[in-house]
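Coordinate inspection notes
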Amino acid sequence: LRDFGLGITNGKIAALIPPQDLAQVTATQVVSLDDHVVLPGFVNAHAHSAMVLLRGLANDLPIITWLEKHIFPLEAQFVSAEFVRDGTELAIAEMIQSGTTCFNDHYFFPEEAVAAAQKAKMRANIGLWVADIPTNWGKGPEDYFSYFLKAMETPPPNLIQYALAPHGPYIVSDDAFKRVVALAEQYDLPIHAHIHESEEEIRRSLKQYGKRPLARLHELGVLSQRLQAVHMTQITEEDWPLLERVRPHITTCPESNLKLASGFAPIQKFLERGLNVSLGTDGAVSNNDLDMLSETRTLALLSKGVAGDATVLGAHEALKIATLNGAKAMGLDHKIGSLLPGKDADIMAINLNDFSTLPTYNPITQVVYSAGRHQITHVWVQGEALMSERKLLTCDVEEVKAIARKWEEKIVAVPPLE
Ligand SMILES: [Zn+2]
């Protein structure tokens, strides 16, 4: 729609106004966005926000070495409520500046992520983490389930919803998975988990359980339409019948998969079979940014390369995966993910009057294939401006940077564990 207006009332999109009617509209505030494209905000469907505080550590390593020899020990040394609060605030500032209006988080001390999102007036789906390993947040599944049940005692605040987030098949027992399924049904919540991320995960499952993770999850009832299956790079012929029958949501994190050489998610094959595919950045220790605009470009380019077909996954479809499909995975597509009257006003504006996007023959291909996140100028969540002319309105930029520096000094000063 060219030269249209978009009316917002009480946090919702009230109307899309054709140019000839704009003169008759009265508004308490008008924002003129010449040369901009206005789009639904990005939905980052998989993140570990607080891990931004570890960004830049442990690069160029194979996934299992990276995770078990570096990330888990770093987390054991440093993760605390304060770490999660500070890290999530830094992550949210970066996400707003790159057009994200909703993020799907998956980490320890989730109440701190909720507090950070509320402070910044950001929308979030907070995964309540479960695994059969001790962390600085709890001793094991009993602690994690107790936390979950406590969280369920009060309704989530505005802009927040919860999911059950068992980490992944390699560190979650059958008993814990069964309990996750029962609780997801009882409280009607999505399940969010890393699945088929690496070859090593498959090897360990075959050795320990005698079956592939997807087959095991199917038997346990985890594989369902509630499930957001994250990564899914290791798909073979025996997995397809299950996926076609059960149709879980798929979340792909192409840059993280590339950096850890985890493999390639067969995006086009998922789409051809009608599965809902959404997009996430993963944590900033395996990406290393939370930029959904660049992630969308990587998704489009990589999907073409993997399919060996330049016609697959066009710019419009890539953008839909990065917005509406993410909302759908979280059960939020009735509320966000597209710009339609009645939906919440979760919106970004991108200035195309920039060397990288001129001339502008087609705004959507310019956004997906050419634009950079510095061109994102405005962000609203539920009608409230979080960024205007690139100025963050709900984050104290200097304070967030100073806190990140404080963590940098603290983490650098401590020698790594053997
Ligand atoms: Zn992840």
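The preceding data block contains the structure.
This text gives an overview of the structure that appears in the document. From a predicted model like this one, the values you see are computed outputs, not experimental measurements.

1. Digging into the overall build of the chain
When helices and strands are tallied, the chain shows 15 helices and 15 strands. In terms of overall dimensions, the chain is globule-like: its C-alpha atoms have a radius of gyration of 21 Å, near the 22 Å expected for 418 residues. If one aligns the C-alpha atoms of the chain with their principal axes, the spans along those axes are about 65 × 45 × 40 Å. For the chain, the proportion of contacts with a sequence separation of at least 24, taken over those separated by at least 6, is 72%. Put simply, the chain has 37 plus and 51 minus side-chain charges, and the middle of one group is 2 Å from the middle of the other.

2. A look at the pattern of salt bridges
A full pass over the atoms with the stated rule returns 24 salt bridges. The salt bridge partner of Glu89 is Arg85, with a shortest N-O separation of 2.9 Å. With Glu89 and Arg85 both in helix H2 (residues 81-97), this residue pair falls four residues apart, about one helical turn. Residue classification places Arg85 among the partly exposed residues on the basis of a relative accessible area of 26%. Asp86 is the partner of Lys406 in a salt bridge, and the nearest nitrogen-oxygen pair spans 3.5 Å. Here Asp86 lies in helix H2 and Lys406 lies in helix H15 (residues 397-413), a separation of 320 residues in the sequence. Given the relative accessible area of 12%, Asp86 is considered buried. One network of salt bridges, in which partners are shared, links Glu68, Glu199, Glu200, Arg203 and Arg204.

3. Digging into the nonpolar core
Within the largest apolar cluster, 115 residues are counted, with the highest numbers of intra-cluster contacts made by Phe83, Ile92, Ile96, Met122, Met232, Phe270 and Leu313. Those residues in contact with Met232 that sit more than four places away from it in its chain are Ile195, His196, Leu214, Leu243, Ile250, Ala265, Pro266 and Phe270. By size, the runner-up hydrophobic cluster in this structure holds seven residues, among which are Val43, Cys102, Ala327 and Met330.

4. What to know about the packing of aromatic side chains
If you walk through the whole model with that rule in mind, you get nine aromatic pairs. Judged by centre distance (5.1 Å) and plane angle (65 degrees), the ring pair of Trp137 and Tyr147 falls under edge-to-face. A residue pair is termed long-range when its members are at least 10 positions apart, and Trp137 in the loop between strand S6 (123-130) and helix H4 (141-151) and Tyr147 in helix H4 qualify at ten residues. Considering the side-chain rings of Phe148 and Tyr187, the 5.5 Å spacing of their centres and the 80 degrees angle between planes classify their relative orientation as edge-to-face. Of this pair, Phe148 sits in helix H4 while Tyr187 sits in helix H5 (residues 174-187), and the two are 39 residues apart along the sequence. Phe148 sits in the buried class, given a relative accessible area of 1%.

5. Overview of the coordination of the zinc ion
Around the zinc ion, the protein contributes the donor atoms His46 (NE2), His48 (NE2), His194 (NE2) and Asp282 (OD), which lie 2.1 to 2.3 Å from the metal centre. In this structure, the zinc ion is surrounded by four donor atoms whose angles at the metal cover 87 to 171 degrees, and the resulting shape is irregular. All donors of the zinc ion belong to a single chain; written as a sequence motif, their spacing is H-x1-H-x145-H-x87-D.

6. Some words on helix H12 (residues 315-322)
Among all positions in H12, only Ala315, Ala318, Leu319, Ile321 and Ala322 are buried. Down the axis of H12, the sector holding all buried residues measures 155 degrees, keeping them to one side.

7. Quick word on empty space enclosed by the protein
Across all of its chains, the model carries two cavities of 30 Å³ or more by this definition. If you add up the space inside the largest cavity, you get close to 70 Å³. Together, Thr252, Pro254, Asn257, Gly263, Phe264, Ala265, Ile267, Leu299, Leu302 and Ser303 line the largest cavity. Counting residues per element, the ones that place at least two in the lining of the largest cavity are helix H9 (254-259) and helix H11 (292-307). For the lining of the largest cavity, the leading source of residues is H11, giving three residues. Residues of the lining of the largest cavity, tallied by class, amount to six nonpolar, four polar and no charged. Taken together, Ile63, Ile64, Leu67, Tyr170, Glu197, Ser198, Glu200, Glu201 and Arg204 form the lining of the second largest cavity. Secondary-structure elements contributing two or more residues to the lining of the second largest cavity are helix H1 (63-78) and helix H6 (199-209).

Reading the values: rules and limits
Residues numbered from 1 in each chain as written. Predicted model: local features only at pLDDT ≥ 70, side-chain atom pairs only at ≥ 80, totals over all residues. Heavy atoms only, no water. Helix = DSSP H or I, 4+ residues; strand = E, 2+ residues; numbered from the N terminus. Rg over C-alpha atoms; globule rule 2.2 N^0.38 Å. Contact = heavy atoms within 4.5 Å. Lys, Arg positive; Asp, Glu negative; His and termini not counted. Charge placed at Lys NZ, Arg CZ, Asp CG, Glu CD. Salt bridge = Lys/Arg side-chain N within 4 Å of Asp/Glu carboxyl O. Buried < 20%, exposed > 50% of the residue type's maximum accessible area, 1.4 Å probe, protein only. Core = buried A, V, L, I, M, F, W, Y, C linked by side-chain atoms within 4.5 Å. Phe/Tyr/Trp six-rings, centres within 6.5 Å; stacked < 30°, edge-to-face > 60°. Donors = N, O, S within 2.8 Å, 3.2 Å for Na, K, Ca; no water. Tetrahedral: all angles 85-135°; square planar, octahedral: opposite > 155°, others 65-115°. Arc of directions from axis to C-beta. 1 Å grid on protein atoms, 1.4 Å probe; cavity = no way out; pocket = protein on both sides within 12 Å on 5 of 7 lines; lining within 4 Å. Points joined across faces, edges and corners; volume = space filled by probe spheres on them. Nonpolar A, V, L, I, M, F, W, Y, C, P; charged D, E, K, R; others polar.

Everything listed is a geometric property; what it means functionally is a separate question.
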